[in-house]
Amino acid sequence: MCACSVTLCAVVLQVCRSDTAARSLQPIAIRALVEVAEAIVGDFEMYHTVVLAVLQIAQSQNAGPEDDQELKDYIEELRESILHAYTDITEGLKNGGKLQIMNPYVNSIFTFIAVLLQMPDCPPYLLNKAIGFIGDMGLAFGKPLEPLLINPIIMQGIQHGEQRARAMNQEDEGLGESLLNTCRFSMNVIERVKTSPK
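Residues numbered from 1 in each chain as written. Predicted model: local features only at pLDDT ≥ 70, side-chain atom pairs only at ≥ 80, totals over all residues. Heavy atoms only, no water.

Student: What should I look at first to understand the overall build of the protein in this one?
Tutor: Looking only at helices and strands, one finds nine helices and zero strands in the protein. Counting all 198 residues of the protein, 46% fall into the buried class. Nonlocal contacts in the protein, meaning residues at least 24 apart in sequence, comprise 70% of its contacts between residues at least 6 apart. Accessible surface computed for the protein: about 10,300 Å², of which carbon and sulfur atoms make up 54%. (Helix = DSSP H or I, 4+ residues; strand = E, 2+ residues; numbered from the N terminus. Buried < 20%, exposed > 50% of the residue type's maximum accessible area, 1.4 Å probe, protein only. Contact = heavy atoms within 4.5 Å. Areas by Shrake-Rupley, 256 points an atom, 1.4 Å probe, with all protein chains shown as cover.)

Here you go:
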């Protein structure tokens, strides 16, 4: 890895972990961190513990019903960047034959996804991304992931996503089509995992 990559990773990680940096910078920093990780490919192992720890801390942030809209918007953007990061990291590690790096984090990731699926006001684009990531994880990990994939919260969340997509299509034809297709994709992946040999 070149010295500039090391320096850039260090600076971005500092922003992600900072209590004093403007919170609007954190989603941007997370996206930048993932782009650096994708660029350095094989060297990601050097940083995976810190990067994934930062994502775990970030995913624990919440906004309550009494919080102002600015904070709620920030949490939405942060969650989108976290899902994007997990998706890209999982794909990169799978392609590099190093998916086992993700094993210690899988339960926590699914807890995060379950939180999103249970949000009554989860924006459709965020719901779409969360449900799509469930399917991506199923494809990547296969049979060992079955207990998490068939968790009632996950299954009900996907079914609820389908219902929302159909309701959106009734309001405006085609509006919920992307979400509907994503739900079908993830349900198909889960069925394949369930029926695959151990």
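Student: Just checking my understanding: could you explain the side chain of Arg79 for this structure?
Tutor: Mapped onto the fold, Arg79 is located in helix H4 (residues 69-95). This buried residue, Arg79, is left without a salt bridge; Asp121 holds the nearest opposite charge, at 7.2 Å. Reaching out from Arg79, the side chain makes a polar contact with the side chain of Asn62 at a distance of 2.5 Å. Setting aside residues no more than four positions away along its own chain, Arg79 makes contact with Gln61, Asn62, Phe112, Val115, Leu116, Met119 and Leu126. (Lys, Arg positive; Asp, Glu negative; His and termini not counted. Salt bridge = Lys/Arg side-chain N within 4 Å of Asp/Glu carboxyl O. Polar contact = N/O pair within 3.5 Å; in protein donor to acceptor, adjacent residues only side chain to side chain.)

Student: What am I meant to see in H4 here?
Tutor: In an α-helix, one turn spans 3.6 residues, which is why side chains three or four residues apart end up on the same side. Between its terminal C-alpha atoms H4 stretches 39 Å, which fits the 39 Å expected from 27 residues at 1.5 Å a residue. Directly beyond the C-terminal end of H4, a positive phi value near 70° is found at Gly97. (Expected span 1.5 Å × (residues − 1).)

Student: Help me understand the nonpolar core in this model?
Tutor: A general feature of soluble globular proteins is that nonpolar side chains tend to end up buried together. In this structure, Leu55, Tyr86 and Met102 are the most contacted members of the largest nonpolar core, which totals 52 residues. Where this core is concerned, the elements lending two or more residues are helix H3 (48-59), H4, helix H5 (106-117), helix H6 (124-141), helix H8 (152-171) and helix H9 (177-195). With ten residues, the top contributor of residues to this core is H4. (Core = buried A, V, L, I, M, F, W, Y, C linked by side-chain atoms within 4.5 Å.)

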